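A look at the structure
Chain by chain, the residues:
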Amino acid sequence: MLVPFLDLKAQYGSIKSEIDPAMQAVVDSCAFAGGPFVEKFEKSFAAYCGTLHCIGVGNGTSALELILRAYGIGQGDDVITVANSFFASAEAISLSGATPVLVDCTEDDALIDVTRIEQAITKNTKAIIPVHLYGQCADMDTVLSIAKKHDLLVIEDACQAHGALYKGKKAGCMGEAGAFSFYPGKNLGAYGEGGAVTTNNDSIDKKIRMLRDHGMQEKYKHAIVGKNERMDGIQGAVLSVKLPHLDAWNDARRKNAALYRTLLKNNANIRLFTAHDDRSSNYHLFVIRVENRDVAQDKLKQKGIATGIHYPIPIHLQEAYAGIWKKGDFPVAEKMAGELLSLPMFPELTEEMIQEVCKALKEVL
Ligand SMILES: *Cc1c(COP(=O)(O)O)cnc(C)c1O
């Protein structure tokens, strides 16, 4: 049996009758850049996340960068994030002009090791960006209390965490602001690129609306130097159709994850990450740890099972940051990078497919 890693076509098939007319309506009205379709989505996504504001932008990386810029964070400032994440978590800090300061992750949940945050704080530190990686929220109570003690902003990288919960609260509503990505493969994916900022802060909302549109508040009057990071009308329309399905899709992923856990537990060759009782992951990814990962991945591929690695190289060892950090700086992230294996995970994944993946995995190991 062939098991894909992700199946965007299956999802489109299930909502085609809603998506096609919604996209046609954008074309009919020619509201391509920003406009009413984006505004409608912004209102519904803010309500979904439990924030006062949502600002649609071009992608998740820009969402993070614009939040930092809106708070006046840039050159000379330090911003803390985690070594085990997608590169963009740190890249956005660099793009703002600030300096990324990394903290290792834990072996238990692959998330930022909150016991190491305080030692990373310098006199220049302005913000902490916890990443809700793979869809599980970071330990926000601890992050928020450290931030309060040291007078730092908390900006959530919720780019993988649409609908994930921490003590009943949605990802993106706990910090000063949250950044989301609607890259097609995310749990809430656009049909192209997209991103959003969520916040309860009125002045940050206004500032980001200006920053995403060339620093304009009024047409052709540029108060500040911004960027072009408007969301496309098509993406606003697609996301508005998809948002009402998000909870059901996340629940289907949770059900899939529960089956994976049942089938893979108590196996000496497989390590599972802790799913914390006070959180509900949206299972953007289902990641396990195995030794000889590359061999295992190859053998699974030969059996028709597609897997992924998130991520093979920790941020501090990326060539783009050569000379800033060295091997050994974040040993947990380094060790895990050689063992992480992401199994197929999407709402339409069948029980039969999961059985097949687990059977093949056990044979391979
Ligand atoms: C996807 C992602 C981003 C960046 O989002 P883009 O829309 O691809 O720019 C940032 N952080 C994390 C953790 C992500 O997974």
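Scroll up for the structure.
Presented here is a report on the structure given in the accompanying data block. Not measured: the values here are computed from a predicted model. (Residues numbered from 1 in each chain as written. Predicted model: local features only at pLDDT ≥ 70, side-chain atom pairs only at ≥ 80, totals over all residues. Heavy atoms only, no water.)

1. Quick look at the packing of helix α9 (residues 293-302) against helix α11 (residues 351-364)
- Axis separation between α9 and α11 bottoms out at 10 Å; the angle between their running directions is 130°. With respect to each other, α9 and α11 are oriented oblique. Crossing of α9 against α11: the hand is right-handed. Judged by residue contacts, Ala296, Lys299 and Leu300 of α9 engage Ala360, Leu361 and Val364 from α11.
- Broken down by class, the residue content of the contact of α9 with α11 amounts to five nonpolar, no polar and one charged. (Axes fitted to C-alpha atoms, helices over the stretch in contact; angles between N-to-C directions. Helix = DSSP H or I, 4+ residues; strand = E, 2+ residues; numbered from the N terminus. Parallel < 35°, antiparallel > 145°, perpendicular 65-115°, else oblique. Left-handed = near helix turned anticlockwise from the far one by under 90°. Contact = heavy atoms within 4.5 Å. Nonpolar A, V, L, I, M, F, W, Y, C, P; charged D, E, K, R; others polar.)

2. Let's talk about the sheet that holds strand β9 (residues 195-199)
- Pairing in this open sheet of seven strands is mixed, and the strands run β1-β9-β8-β5-β4-β2-β3 from one edge to the other. One side of each edge strand has no neighbouring strand; the edge strands of this open sheet are β1 (53-57) and β3 (99-103). Put simply, the sheet's adjacent strands are angled 25° from each other on average, direction ignored. (Pairing = 2+ DSSP bridges.)

3. A short note on unusual backbone geometry
- Geometrically, the link from histidine 310 to tyrosine 311 is a cis peptide bond, its omega value of 10° lying close to zero.
- Checked against the element boundaries, tyrosine 311 lands in the loop between α9 and α10 (331-337).
- With a phi angle near 60°, histidine 214 is a residue other than glycine that sits in the positive phi range.
- Note that histidine 214 resides in the loop between α6 (202-211) and β10 (216-218).
- Here histidine 214 falls in the partly exposed class, since its relative accessible area comes to 34%.
- In this model, asparagine 292 sits at a positive phi of 50°, which is unusual for a non-glycine residue. (Buried < 20%, exposed > 50% of the residue type's maximum accessible area, 1.4 Å probe, protein only.)

4. Observations regarding the packing of aromatic side chains
- Using the criterion set out here, one finds twelve aromatic pairs in the structure.
- Ring centres of phenylalanine 45 and tyrosine 48 lie 6.1 Å apart, and the angle between their planes is 15°; on these two criteria the pair is classed as stacked. Linking phenylalanine 45 with tyrosine 48, this pair stays in helix α2 (residues 36-49), spanning three residues, or about one helical turn. The pair phenylalanine 45 / tyrosine 48 is uniform in exposure class, with both members buried.
- Ring geometry for phenylalanine 45 and phenylalanine 182: centres 5.5 Å apart, planes at 80°, overall edge-to-face. Of this pair, phenylalanine 45 sits in helix α2 while phenylalanine 182 sits in the loop between β8 (177-181) and β9, and the two are 137 residues apart along the sequence.
- Of the residues examined, phenylalanine 45 reaches a relative accessible area of 0% and is grouped as buried.
- Note on phenylalanine 182: relative accessible area 0%, which makes it buried.
- Members of the aromatic cluster, each reached through a chain of ring pairs, are Phe41, Phe45, Tyr48, Phe180 and Phe182.
- Here the guanidinium or amino end of lysine 170 rests over the ring plane of tyrosine 48, the centre of that ring lying 3.9 Å away. (Phe/Tyr/Trp six-rings, centres within 6.5 Å; stacked < 30°, edge-to-face > 60°. Lys NZ or Arg CZ within 6 Å of the ring centre and 35° of its normal.)

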